[in-house]
Amino acid sequence: MKIHKDYNLSGLNTFGLAAKAKFFAEVNNEEELRKLFVDPLFTENTRLFLGKGSNILFTKDFDGIVILNKIQGIEVLRENTKTVLVKSMSGVIWHDLVVFTTKRGYWGIENLSLIPGTVGAAPMQNIGAYGAELRNVLESVETFDVKTGEKRIFNKEECEFGYRDSIFKNKLKNRYFISAVVLKLSKFEKKNLTYKILADYLNKNKVEVKNSSDISKAVAEIRCSKLPDPKLIGNAGSFFKNVFVGENKFNELMKIFPDMPHFEEDNMIKVPAGWLIEQCGWKGKRVGNVGVHERQALVLVNYGEATGREIIELANKIIASVKEKFGLELTPEVNIV
Ligand code: EPU
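Residues numbered from 1 in each chain as written. Predicted model: local features only at pLDDT ≥ 70, side-chain atom pairs only at ≥ 80, totals over all residues. Heavy atoms only, no water.

Caption draft 1: Geometry of the site of the ligand. The environment of the ligand is made up of 24 residues, and the closest members are Y130, Y163, Y195, E278 and A297. Between Y130 and the ligand, the recorded distance is 2.6 Å, taken from a backbone N or O atom to an oxygen atom. One nitrogen or oxygen atom from the main chain of S238 is found 2.8 Å from an oxygen atom belonging to the ligand. The protein chains hide 85% of the 810 Å² of surface that the ligand would expose on its own. The set of elements that each furnish at least two residues to the shell around the ligand consists of helix 6 (212-226), strand 13 (234-238) and helix 8 (273-279). Here the shell around the ligand gets three residues from one element, more than from any other, and that element is helix 8. (Near = heavy atom within 4 Å. Polar contact = N/O pair within 3.5 Å; in protein donor to acceptor, adjacent residues only side chain to side chain. Areas by Shrake-Rupley, 256 points an atom, 1.4 Å probe, with all protein chains shown as cover. Helix = DSSP H or I, 4+ residues; strand = E, 2+ residues; numbered from the N terminus.)

Shown next, in the form of structure tokens:
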């Protein structure tokens, strides 16, 4: 395994931002990982593990070591008549895992089709879309303690999942390297059509759902119609999290904005940040090299030459205007480095 110096990261983040890593290494298997853990360039520097770079915003060069996770492999661990345990190594592209499972007729992650990023990043932020969340199917997360090199397996409860949140993003940030994820999927039809946009799409297009691939295909079509392709225009998906509001604040807002969309989740009311941003007039707006996507206001885009600072400046302006109009605080979903 080679450790590079002053490595260019612009091709390794979907915002396409120019940034350099002081040191850079690529790991392809657990053996390389173990070697890395005892290398002084690893132990003596700040570390950043990178998957597909689809949820990260570089605001400056990284003064430490960036480790690109390329650990591959998907296998069926165990199965019975009803369920199957699928283990995927963390460097696998998330959608490749979706394809692996839907092709075999398994149900559970088809609603999470085309989410950019790697399998290792999925538990970090408990990825979710179209009414499904990773935590609904997660069995365990395999990790290495980066300090001791020891293996540790987290069961679902230990991951402390929340909306776009987990223990790996909080208490244990940077402490564990996620090496593999085990999912428990269903061999029987288990359609999740709770998300209205998905159900409406299937009705409108008269899609008869026979298997999980049919759902996967529909989700992919919806996503592609709304979300910009990072290969064509730099972005990191949703830049902000949706906002949870308490009952009093919700009632207060509904009096002024009776059309405000909202969803009940975990006994709280979730308001789409995309709607809030759109109401403040930001949708489709461009400010120099950066902008707010024209079809999904939750997505900030880099028109080519933007710096991370420019994106942060735009994000701060959006936060301020949403605060002023609605009294609600938007928080970024992307990791700012
Ligand atoms: N909306 C607007 N204007 C917009 C965008 C959204 O009014 O510009 C309103 C609409 O009322 C719409 C509602 O927001 O009905 C929900 O929109 P959408 O289905 O596009 O979902 P979202 O809540 O904006 C979340 C996730 C997405 C995920 C979709 C679909 C977060 C932060 N984002 O967005 O995840 O694909 O649901 O399930 O929770 C990502 O994390 O990168 C991501 C794209």
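Caption draft 2: Examining the sheet that holds strand 13 more closely. Pairing is antiparallel in the open sheet, where four strands are placed in the order 13-19-18-17. Each of the sheet's edge strands pairs with one partner strand only, and the pair in question is strand 13 and strand 17 (286-287). Here three bridges tie strand 13 to strand 19 (residues 299-302), and the two strands are oriented antiparallel to one another. Its bridge partner lying in strand 19, S238 is registered against V299. The strands touched by helix 9 (residues 308-326) within the sheet are strand 17, strand 18 (290-292) and strand 19, with strand 18 carrying the most contacts at an inclination of about 35°. (Pairing = 2+ DSSP bridges. Contact = heavy atoms within 4.5 Å. Axes fitted to C-alpha atoms, helices over the stretch in contact; angles between N-to-C directions.)

Caption draft 3: The sheet that holds strand 2 (residues 20-27), seen in detail. Strand order in this open sheet of four strands is 1-2-5-3, and the pairing throughout is mixed. Strands at the two margins of the open sheet, each flanked by one partner only, are strand 1 (4-8) and strand 3 (47-50). Taking the axes of each pair of neighbouring strands and ignoring which way they run, one obtains an average angle of 45° across the sheet. Sheet topology note: the strand 1/strand 2 ladder contains four bridges and is antiparallel. The residue of strand 2 that forms the bridge with Y7 is A21. On top of the sheet, helix 1 (residues 30-37) reaches strand 2, strand 3 and strand 5 (62-69); it is set at about 140° to strand 2, its chief contact.

Caption draft 4: Main features of the UniProt feature "active site" (unreviewed entry) in the protein. In the UniProt entry, the feature "active site" (unreviewed entry) is given for R164, S238 and E333. Across 170 residues, the annotated set stays spatially compact, with a maximum C-alpha separation of 11.0 Å. Take R164: it is sitting in the loop between strand 11 (151-155) and strand 12 (176-186). The class of R164 is buried, set by a relative accessible area of 13%. If sequence neighbours within four positions are ignored, R164 has contacts with Q125, N126, I127, G128, K169, K241 and E333. Side-chain polar atoms of R164 contact the backbone oxygen of G128, separated by 3.1 Å. Structurally, E333 is set in the loop between helix 9 and strand 20 (335-336). Of the residues examined, E333 reaches a relative accessible area of 5% and is grouped as buried. With residues up to four places along the chain from it excluded, the contact list for E333 reads N55, Q125, R164, K169, S238, F239, F240 and K241. At a separation of 3.4 Å, a polar atom in the side chain of E333 contacts the side chain of R164. (UniProt positions renumbered as here; feature names shortened; annotations may be inferred. Buried < 20%, exposed > 50% of the residue type's maximum accessible area, 1.4 Å probe, protein only.)

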